[in-house]
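The lines below spell out each chain.
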Amino acid sequence: MSADAFSIDRETSEEGAFRRQDSRFRDTDVEPVAGRYHLYVSWACPWACRTVIARMLTGTQEALPMSIVAPLRDARGWRFTGGEYVDQAEGAEFLSELYARTDPGFDGRVSVPVLWDTAERRIVNNESADILRMFSTGGLAELATRRAGLYPEALRDEIDELNERIYDDVNNAVYKAGFTTSQAIYDAEVAGLFAMLDELDERLAERRYLFGDQPVETDWRLFTTLVRFDPVYAIHFKCSRRRIVDYPSLWPYLRDLYQRPGIAATVRMDDIRQHYYRTHPAINPSGIVAVAPDIDLRAPHGRERLGS
């Protein structure tokens, strides 16, 4: 059974709706000890790349080592295949080995990111939202060498509210549209997705970022979906009403975020495209990787003119 079949069978309702599994490990109490924890990610995964961006922005790369799984997976899930894709903490061949070591009875889908405790040899957390927040309010924040301003106190209620809406109507909506087996559910999810993108485009017409003149965690949660949208989601998941390049505000906003220092290095488009097109046989049985759209993320964005 393919990893794709496992996911869809276990996370699809009788009505054909995709229901993402809940994250199993949600411990957020970590000690601010450099080198104790290890982050496992995939360049292909938008959820994992949120945490990669936060790690970079807060300057915690040395304090929090990172291992990367290969973009292609089979029935055994995410794998370390050598070269760049090596488990530097435990020497595992499959990420599932860490899940089994933490909970021998775990039978869900093995996902990234994973925050691993090298002292206790267990998964601390596998929920990207939790790990991202730890760089602002948890033990990982105490290891930061730079102030990133990802979760400013004065905006926390507003950030939490918009995070939830963007998660349901954008981040997860592309998957709900792509994995559903129901035409009616697909139509509804796509309608909700583009209604939210329209709203965000209007919001960004008069402000540089979602909450003013500096990006917060909400911007990065949105960014990892937007940067995959035209090359993958518009094609592979049939989210095809409009492309991000068609939006007068979202398209330059995406380029603005991409061009901030260090961000482009977190966007590995080859890994992204190989993963999606070659590991979802229920959607793309031929495994043919669609030609990348002709877009330039490095083109001038002109959003410096917008204030808070």
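Residues numbered from 1 in each chain as written. Predicted model: local features only at pLDDT ≥ 70, side-chain atom pairs only at ≥ 80, totals over all residues. Heavy atoms only, no water.

1. Notes on the sheet that holds strand 1 (residues 37-41)
Hydrogen bonds between backbone groups are what pair the strands of a sheet, and the pairing can be parallel or antiparallel.
Phase 1: Strand order in the open sheet formed by four strands is 2-1-3-4, with mixed pairing between adjacent strands. This sheet does not close on itself; its edge strands, each paired only once, are strand 2 (66-68) and strand 4 (122-125). Here the average twist between neighbouring strands, direction ignored, is 35°.
Phase 2: Sheet analysis places strand 3 (residues 114-117) next to strand 4, joined by three bridges and oriented antiparallel. When the sheet's bridge partners are listed, Asp-117 is paired in strand 4 with Arg-122.
Phase 3: Of the strands in this sheet, strand 1 and strand 2 are in contact with helix 2 (residues 46-57), which crosses strand 1 at around 135°. (Pairing = 2+ DSSP bridges. Helix = DSSP H or I, 4+ residues; strand = E, 2+ residues; numbered from the N terminus. Axes fitted to C-alpha atoms, helices over the stretch in contact; angles between N-to-C directions. Contact = heavy atoms within 4.5 Å.)

2. Topic: helix 9 (residues 250-258)
Along an α-helix, residues three or four positions apart point the same way, because every turn accommodates 3.6 residues.
Phase 1: Among the nine residues that make up helix 9, nine are buried, leaving the element largely enclosed by the rest of the structure.
Phase 2: Of all the positions in helix 9, only Leu-250, Trp-251, Pro-252, Tyr-253, Leu-254, Arg-255, Asp-256, Leu-257 and Tyr-258 are classed as buried.
Phase 3: Buried residues along helix 9 sit against helix 7 (183-203) and helix 8 (217-236). (Buried < 20%, exposed > 50% of the residue type's maximum accessible area, 1.4 Å probe, protein only.)

3. Considering the nonpolar core
Phase 1: In terms of nonpolar packing, the biggest core is built from 94 residues, with Leu-95, Leu-197, Phe-223 and Phe-229 touching the most fellow members.
Phase 2: A per-element tally of this core places helix 8 first, with nine residues. (Core = buried A, V, L, I, M, F, W, Y, C linked by side-chain atoms within 4.5 Å.)

4. Things to note about the side chain of Ser-128
Phase 1: The topology assignment puts Ser-128 in helix 4 (residues 128-137).
Phase 2: Reaching out from Ser-128, the side chain makes a polar contact with the side chain of Arg-50 at a distance of 3.1 Å.
Phase 3: Leave out the neighbours within four places in its chain, and Ser-128 touches Trp-47, Arg-50, Thr-51 and Pro-113. (Polar contact = N/O pair within 3.5 Å; in protein donor to acceptor, adjacent residues only side chain to side chain.)

5. Looking at unusual backbone geometry
Phase 1: Here the residue pair Val-112 and Pro-113 is connected by a cis peptide bond, since its omega of 5° sits within 30 degrees of zero.
Phase 2: Relative to the assigned elements, Pro-113 resides in the loop between helix 3 (96-102) and strand 3.
Phase 3: In this structure, Arg-121 is a non-glycine residue whose phi angle is positive, near 55°.
Phase 4: Relative to the elements of secondary structure, Arg-121 occurs in the loop between strand 3 and strand 4.
Phase 5: With a phi angle near 60°, Lys-238 is a residue other than glycine that sits in the positive phi range.
Phase 6: If you trace the backbone, Lys-238 turns up in the loop between helix 8 and helix 9.
Phase 7: Residue class for Lys-238 comes out partly exposed when judged on its relative accessible area of 44%.

6. Details of the packing of helix 5 (residues 156-171) against helix 7
Phase 1: Following both chains from N to C, one finds helix 5 and helix 7 inclined at 135°, their axes separated by 8 Å at the closest point. Looking at the two axes, helix 5 sits oblique to helix 7. On helix 7, the residues touching Leu-162, Arg-165, Ile-166, Asp-169 and Val-170 of helix 5 are Gly-192, Leu-193, Met-196, Leu-197, Glu-199, Leu-200 and Arg-203.
Phase 2: Of the residues in the contact of helix 5 with helix 7, the class split is seven nonpolar, one polar and four charged. (Parallel < 35°, antiparallel > 145°, perpendicular 65-115°, else oblique. Nonpolar A, V, L, I, M, F, W, Y, C, P; charged D, E, K, R; others polar.)

7. So, the pairing of strand 3
Phase 1: Across the two faces of strand 3 the burial is the same, with Val-114 and Trp-116 and Leu-115 and Asp-117 all buried.
Phase 2: When strand 1 meets strand 3, the two strands line up antiparallel, connected through four bridges. Paired with Tyr-37 across the two strands is Asp-117, which belongs to strand 3.

8. Quick notes on helix 10 (residues 269-278)
Phase 1: Taken together, the buried positions of helix 10 are occupied by Asp-271, Ile-272, Arg-273, His-275, Tyr-276 and Tyr-277.
Phase 2: Taken together, the buried residues of helix 10 touch helix 2, helix 6 (173-179) and helix 8.

9. Quick word on the state of the cysteines
Phase 1: In this structure the tally under the stated criterion is zero disulfides.
Phase 2: In this model Cys-45 remains outside any disulfide bridge; the closest cysteine sulfur is found in Cys-49, 6.8 Å from its own.
Phase 3: Exposure remark for Cys-45: the relative accessible area of 8% places this residue in the buried category.
Phase 4: Between Cys-239, a free cysteine, and Cys-45, which holds the nearest cysteine sulfur, the sulfur-to-sulfur gap is 16 Å. (Disulfide = S-S within 2.5 Å.)

10. Describing the pattern of salt bridges
Phase 1: For the structure shown, the criterion picks out 16 salt bridges.
Phase 2: Measuring nitrogen to oxygen at the nearest pair gives 2.6 Å for the salt bridge that ties Glu-90 to Arg-121. Within this pair, whereas Glu-90 is found in the loop between strand 2 and helix 3, its partner Arg-121 is found in the loop between strand 3 and strand 4, the two being separated by 31 residues in sequence.
Phase 3: The residue Lys-176 makes a salt bridge to Glu-189 at a minimum N-O spacing of 3.5 Å. Of this pair, Lys-176 sits in helix 6 while Glu-189 sits in helix 7, placing them 13 residues apart in sequence.
Phase 4: Since its relative accessible area comes to 9%, Lys-176 is described here as buried.
Phase 5: Overlapping salt bridges bring together Asp-27, Arg-36, Asp-117, Glu-120 and Arg-122 as one network. (Salt bridge = Lys/Arg side-chain N within 4 Å of Asp/Glu carboxyl O.)

It is worth stressing that arrangement in space is one thing and function is another; only the former is reported here.
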